[in-house]
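Analysis of the macromolecular model
One letter stands for each residue in the lines below.
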Amino acid sequence: MPAMTAVDADTRAGAGVPAEAVGPLVRGVGVLRRLAEAGGTLSPSALERATGLARSTVDRITATLARMGYVRLDGRDVVLTPGVLELGNAFLAALRLPALLGARADALADELDESVSLAVADRDGVRFIHQATRRRALSVSFRIGDLLPAERTAPGALFATEWTERDWARWRTRRAEDPRDTAFPAVPPRPEPAPGTAHATADAVDAAFADRVRAARRDGWALDDQLIEPGLVAVSAPVRDPRTGRVACVASVVSHTSRHPAAELPATLLPRLRTAVEAMEADLRTAPPPEPGPAPAGLATWTTASKQELGRDFVESLARGLTVLTAFGEGRPALSLTDVARATGLSRATARRALLTHEHLGLVTAAHEDRAFTLTPRVLDLGFPPLSRTTLPRLAQPHLRALADRVREPAALAVLTADGTEVQYTAGAATSGVLTVRIPVGARLPAAATSLGRVLLADADGPLSPELTQVRAQGYALADEELESGLRSVAVPVRDRTGRAVAAVNVATHAARRTLEDCVQRLLPALRATADDIQRDLHQVSRFTKVPTT
Ligand code: PHB
């Protein structure tokens, strides 16, 4: 029997799909979940097997998701793209905790030189919403969006101090049905118990968790002494919501027994964790009210246009349903049906069916009194874990490839070295041909002699040479046989969310093939479009995660 997945667990728990649920939306969310579970990439036939859907259905769903910018078709594979993070970002923005507390977690990680995470409760699990990761030989680290079973983490014991009898019952049911944690792909499964000992083993695990929850209630902090993996230890403290007094999220410091044996954590790491948590709680008390961002607009016209263009291959109800999730965001954490309909431009009937479907899928919950809908942490299942660890070169690569194919000239991405004298190539897409420029990733060239270096130097603070002033004003740089006779190139900057040029992209050609004018007339517009595509992805991914530029 194949391992039970989180998706199976949902559909089983939800039993019947409500009659009003939007079928294509259920199936489309299923495809996104399977892709995320598989690490971001599956072939259409693997998707067919994983979802049980017909090939024609898989094809129409992936065509729709591709149109939405959520997946890309790469040869024979379907690949999640950074665009899909707009869904998880809507949840994280609505939650506000990463924006309000992330910098404190990062500072604590720097101070302790250990990884620090923030997690929220997700039913009987814990889900990470922020990670300040130290790269270490001896450390496992989880990704934003990863879901862990409560009883195998320190945060879980703290969340369970607030569990109701129903929560405990749900937890016991899950433990009985999935004693090896196969529904949690982020953790190694528990070892197979010796024959005849399964019940006793499970009972011991459950009793130990109940003990840890009692200790967490008494102490106000919790330990993870290698509950997930040998060597992995953590100490956690709750960050309480100043209005309700309830646990808003849990901050954890994660270490390894070789540096900090678990028994010593209360004396070594806990005091500084508690100081940081007090500061976080003060930040929550004094935070100004959120700035409601603009609601998405023009959805109805966008989907109608796509339908007209793609016809049968565009599943409009799926596109509309997913975009309902993006109506939420900073300052828009709880929305009524009317709010959602207004924000999306959908009819009330369409918005209502989409919300009911999302409720069934566990992606939104409705507060009973006023039927105000909110997003749940499960929205992070839709792509966050695989995409929250990407780098700028990795996310740029498919865009460079598409550019090189379009203009039939090689394209490259580069950054400025720390001292600003050289550019280093970080990604590239070559073209075939006898006379073609091939600069390997990792190569360094003098910044001032390359188009890449010039656009990056032109972004520097302080006085610029007349040449660089001009580069800055025109937004691109040319290099004409300065580095090597015959080599001609044009480059534009790639800017981060603050507007700083963190990298540059260029296209290189041979002087015999293109005049300088041709470079500006023909290559520059394609290059600019590519830089825009890379930037759009970078801005989506970097909203709540750090994206290394190399
Ligand atoms: C983590 O942030 O990776 C983490 C936190 C608490 C745990 C285990 C891991 O108990």
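Below is a short write-up of the structure.

Conventions and cut-offs
- Residues numbered from 1 in each chain as written.
- Predicted model: local features only at pLDDT ≥ 70, side-chain atom pairs only at ≥ 80, totals over all residues.
- Heavy atoms only, no water.
- Pairing = 2+ DSSP bridges.
- Helix = DSSP H or I, 4+ residues; strand = E, 2+ residues; numbered from the N terminus.
- Axes fitted to C-alpha atoms, helices over the stretch in contact; angles between N-to-C directions.
- Contact = heavy atoms within 4.5 Å.
- Buried < 20%, exposed > 50% of the residue type's maximum accessible area, 1.4 Å probe, protein only.
- Near = heavy atom within 4 Å.
- Polar contact = N/O pair within 3.5 Å; in protein donor to acceptor, adjacent residues only side chain to side chain.
- Areas by Shrake-Rupley, 256 points an atom, 1.4 Å probe, with all protein chains shown as cover.
- Nonpolar A, V, L, I, M, F, W, Y, C, P; charged D, E, K, R; others polar.
- Core = buried A, V, L, I, M, F, W, Y, C linked by side-chain atoms within 4.5 Å.
- Phe/Tyr/Trp six-rings, centres within 6.5 Å; stacked < 30°, edge-to-face > 60°.
- Expected span 1.5 Å × (residues − 1).
- Arc of directions from axis to C-beta.

1. Describing the sheet that holds strand S12 (residues 411-416)
- Strand order in the open sheet formed by 6 strands is S14-S13-S12-S17-S16-S15, with antiparallel pairing between adjacent strands. For this open sheet the edge positions go to strand S14 (444-446) and strand S15 (477-480), each flanked by a neighbour on one side alone. Each strand axis lies, on average, 30 degrees off the axis of its neighbour in the sheet, ignoring direction.
- Here helix H17 (residues 392-407) sits on the sheet and contacts S12, strand S13 (422-429) and strand S17 (501-510); the angle it forms with S13, its principal contact strand, is near 65 degrees.

2. As for the pairing of S17
- The buried fraction of S17 amounts to 9 of the 10 residues, a majority that puts the element mostly inside the structure.
- Note that S12 and S17 share 4 bridges and pair antiparallel. Residue pairing in the sheet places Ala414 in a bridge with Ala504 of S17.
- The antiparallel pairing of strand S16 (residues 487-495) with S17 creates a hairpin that spans 5 residues between the two strands, and Gly499 there sits at a positive phi of about 95 degrees.

3. Quick notes on the sheet that holds strand S1 (residues 41-42)
- Pairing is antiparallel in the open sheet, where 3 strands are placed in the order S1-S3-S2. Both edges of this open sheet fall to S1 and strand S2 (71-74), since each of them pairs with a single strand only.
- One ladder, built from 4 bridges, connects S2 with strand S3 (residues 77-80); its direction is antiparallel. Paired with Leu73 across the strands is Val78, a residue of S3.

4. Some remarks on the site of the ligand
- In the neighbourhood of the ligand, the contacting residues comprise Ser117, Phe128, Gln131, Phe142, Thr153, Ala154, Pro155, Asp224, Ile228, Ala234, Ser252 and Val254.
- One of the backbone nitrogen or oxygen atoms of Ala154 is found 2.9 Å away from an oxygen atom of the ligand.
- Here Asp224 contributes a side-chain N or O atom positioned 2.7 Å from an oxygen atom of the ligand.
- Burial of the ligand by the surrounding chains reaches 99%, relative to a free accessible area of 280 Å².
- Going through the elements one at a time, strand S5 (125-132), helix H7 (154-160) and strand S9 (247-256) are the ones with two or more residues in the shell around the ligand.
- Of the residues belonging to the shell around the ligand, the class tally is 7 nonpolar, 4 polar and 1 charged.

5. Topic: the nonpolar core
- Ranked by size, the top nonpolar core spans 115 residues in total, and within it Leu65, Leu87, Leu273, Leu322, Leu400, Leu413 and Val505 carry the most contacts.
- Ranked by residue count, the leading element in this core is helix H20 (residues 516-541), at 9 residues.
- Ignoring any residue separated from it by four or fewer positions in sequence, one finds Leu65 in contact with Val31, Leu32, Tyr70, Val71, Leu318 and Leu322.

6. Quick look at the packing of aromatic side chains
- Evaluation of the coordinates by the stated rule reveals 8 aromatic pairs.
- Between Trp163 and Trp168, the aromatic rings sit 4.9 Å apart at their centres with planes inclined by 75 degrees, giving edge-to-face as the arrangement.
- Judged by relative accessible area, which is 15%, Trp168 ranks as buried.
- Seen from their ring centres, Trp163 and Trp171 are 6.3 Å apart, and the 50 degrees between their planes marks the pair as tilted. Side by side, Trp163 and Trp171 carry an identical accessibility label, which is buried.
- Pairwise contacts between aromatic rings join Trp163, Trp168, Trp171 and Phe209 into one cluster.

7. Things to note about the environment of Pro410
- Take Pro410: it is sitting in the loop between H17 and S12.
- For the pair Pro410 and Ser489, spaced 79 residues apart in the sequence, the C-alpha separation amounts to 9.9 Å.
- Once residues within four sequence positions are removed from consideration, Pro410 is found in contact with Ala404, Ala429, Ala430, Thr431, Thr436, Val437, Asn506, Val507 and Ala508.

8. Considerations on helix H13 (residues 316-325)
- The element H13 is largely enclosed, with a buried count of 8 among its 10 residues.
- Taken together, the buried positions of H13 are occupied by Glu316, Leu318, Ala319, Gly321, Leu322, Thr323, Val324 and Leu325.

9. Some points on the side chain of Ser306
- Mapping Ser306 onto the fold places it in helix H12 (residues 299-310).
- A distance of 3.0 Å separates polar atoms of two side chains, one belonging to Ser306 and the other to Arg67.
- If we skip the residues at most four places from it in the chain, Ser306 touches Arg67, Gly311 and Phe314.

10. Here's the deal with helix H9 (residues 198-219)
- Here H9 spans 31 Å end to end across 22 residues, near enough to the 32 Å set by a 1.5 Å rise per residue.
- Those residues of H9 lying buried are Ala202, Val205, Asp206, Phe209, Val213 and Ala216. For H9, the arc enclosing every buried residue in end-on projection is 90 degrees, short of the 170-degree limit, so these residues lie on one face. Turned more than 90 degrees from where H9 packs its buried face, Ala200 and Arg218 sit exposed.
- Contact partners of the buried residues in H9: H7, helix H8 (165-177) and strand S7 (222-225).
- A positive phi of about 80 degrees marks Gly220, the residue just after H9.

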